[in-house]
Amino acid sequence: MSSELVTRSKVFGQLRRELYGDQASHPSSAHLFIILGASGDLAKKKIYPTLWWLFRDGLLPEETYFVGFARSKLNIEDIKRACLPYMKVADEERECFSAFFSKNSYLSGRYDEGNSFSQLNAHLSSLPGGTGANRLFYLALPPTVYHHVSANMRAHCMSPKGWNRVIVEKPFGRDLQSSQELSAHLASLFAENQIYRIDHYLGKEMVQNLMVLRFGNRIFGPIWNRNSVASVVLTFKEPFGTQGRGGYFDDFGIIRDVMQNHLLQMLSLVAMEKPVSTSSDDVRNEKVKVLKCVEPVAMSDVVLGQYVGDPAGEGQAKLGYLDDPTVPKGSCTPTFATAVLYVRNERWDGVPFILRCGKALNERKAEVRLQFTDVPGDIFGERCMRNELVVRVQPDEAIYLKMMTKKPGVYFSPEETELDLTYRSRYKDVNLPDAYERLILDVFCGSQMHFVRSDELREAWRIFTPLLHHIEKERTRPVPYTYGSRGPNEADELLQTKGFRYEGTYKWVKSDRS
């Protein structure tokens, strides 16, 4: 074995032990990473670049080989050319980059033909490690072919001696029934500990930080409940529209695209009880428990919006959602939604959890915001604002606490400021890994903590399916809002009725301290 492979093996082994301890399964010497749908956008923009970064940084186990499979008649050079713009290869990394692609291969075949998968299996068995290699299958495919692909994988491509793991991309169904059907199909083929349902938001630095922030600090425990928290706001905003992909988006809408998965995952991490340990099942057990306490969303607690054009948009005119030629005429699909959920348990009963998400808004932002109740016995003449703890997920990762201090100088009056932990200024020399890097590394290591379990998925769909069916049956017309705005005014009004107080007098300024 070369010194490079020995070093890579030691790095991976040490990292696996540091991250996961004894709960990670021990790897054999050879690993095969199979990308089904290797010719698609997800593969070229995310999966191949992520594998390259992990390889470059020495984070993958030794003897890892990568196999692409798709219907397109391509070769590995075609894949390389398609992925190169997204891979960030520095001049001094060219040799390493060549070494990475020397471990890649590609086959074309049909997803619904067993013979194609038999050929794939023959190729996998011919690679180093042979039938003893561990196999990771990434389904970078539309859900319409999941059934054929997964059945053919199970019938023809399982490693007889190593372990087998399957990564499944969202959407995991369209509603509770279709999700249950997909889960039942996968359960008939694979054990739950072989299935990794990936939601890339669970790989983001600040989302993973929520558990440490909550359960690693004494100061937050006593106030993290209905006695001190007035409301919790979970936000996901994008400053651009569908950009010609409206036909794809229109089939799902903003609730399925963002709210039912990303925002609900963050809600579960904010609201869940302390797990017994950081093992995958202990953490996911608590997420399921808290989701079971959430009632289905009531239509009266929802505001839906759809962006319209702004002819005077900065730089150029901004087209509305219905101006996208790929969007069906008269579509009622929401591009914005605000929904209020309630967790009916002892810790959170009565506290509104406000989920907000939308496209074509005034900024790019994803965050968790806890607004605390007013200080009792006010002695400052209503000049004190509510404290807020904000976890900024993207962009510019940060944690800051909005609080009151005395205004500097001869005055004796309160002023709003913040305790600020901006990662860019605090951790200057740290490059945060991409979410897919963390999650794919988790699959290699055998940790399912940051993946969605079948019962967790069932509860998530239970909460939103009645709302989705009502919207589609009644063809509920979304409220129009202008491209580049904060969204519909009705959404802000809903927040006010739920007790969220927006003063608008203070705005956090990103820290640029050197």
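Residues numbered from 1 in each chain as written. Predicted model: local features only at pLDDT ≥ 70, side-chain atom pairs only at ≥ 80, totals over all residues. Heavy atoms only, no water.

Examining the overall build of the protein chain
Move 1: On a plain count of helices and strands, the protein chain comes out with 15 helices and 15 strands.
Move 2: Relative to the compact-globule value of 24 Å for 514 residues, the protein chain shows a C-alpha radius of gyration of 24 Å, a close match.
Move 3: Counting only C-alpha atoms and orienting by the principal axes, one finds that the protein chain spans roughly 75 × 55 × 50 Å.
Move 4: When contacts within the protein chain are restricted to residue pairs at least 6 apart in sequence, long-range pairs at least 24 apart make up 79% of them.
Move 5: Total accessible area on the protein chain stands at roughly 23100 Å², and carbon and sulfur atoms take up 51% of it.
Move 6: Charged side chains in the protein chain number 66 positive and 63 negative. The centres of these two groups are separated by 1 Å. (Helix = DSSP H or I, 4+ residues; strand = E, 2+ residues; numbered from the N terminus. Rg over C-alpha atoms; globule rule 2.2 N^0.38 Å. Contact = heavy atoms within 4.5 Å. Areas by Shrake-Rupley, 256 points an atom, 1.4 Å probe, with all protein chains shown as cover. Lys, Arg positive; Asp, Glu negative; His and termini not counted. Charge placed at Lys NZ, Arg CZ, Asp CG, Glu CD.)

Quick notes on the nonpolar core
Move 1: In this structure, Phe33, Leu36, Met153, Ile255, Leu341, Phe353 and Phe464 are the most contacted members of the largest nonpolar core, which totals 145 residues.
Move 2: Of the residues forming this core, the biggest block, eleven residues, is contributed by helix α10 (residues 253-271).
Move 3: Discounting residues that sit within four places of it in the chain, Leu36 has contacts with Phe69, Phe117, Leu120, Phe137, Tyr138, Leu139, Ala140, Leu141, Val149 and Met153. (Core = buried A, V, L, I, M, F, W, Y, C linked by side-chain atoms within 4.5 Å. Buried < 20%, exposed > 50% of the residue type's maximum accessible area, 1.4 Å probe, protein only.)

Some thoughts on the packing of α10 against helix α14 (residues 454-474)
Move 1: At a minimum axis distance of 11 Å, the contact between α10 and α14 shows a crossing angle of 145°. Once α10 is placed against α14, the crossing between them reads as right-handed. Of the residues in α14, those in contact with Ile255, Arg256, Met259, Gln260, Leu264 and Gln265 of α10 are Glu456, Leu457, Ala460, Trp461, Ile463, Phe464, Leu467, Leu468, Ile471 and Glu472.
Move 2: Here the contact of α10 with α14 is composed, by residue class, of eleven nonpolar, two polar and three charged. (Axes fitted to C-alpha atoms, helices over the stretch in contact; angles between N-to-C directions. Left-handed = near helix turned anticlockwise from the far one by under 90°. Nonpolar A, V, L, I, M, F, W, Y, C, P; charged D, E, K, R; others polar.)

Re the environment of Asp112
Move 1: Here Asp112 shows up in the loop between β3 (104-108) and α5 (114-126).
Move 2: Excluding its chain neighbours within four sequence positions, the residues that come into contact with Asp112 are His148 and Asn152.
Move 3: Side-chain polar atoms of Asp112 contact the side chain of Arg110, separated by 3.1 Å. (Polar contact = N/O pair within 3.5 Å; in protein donor to acceptor, adjacent residues only side chain to side chain.)

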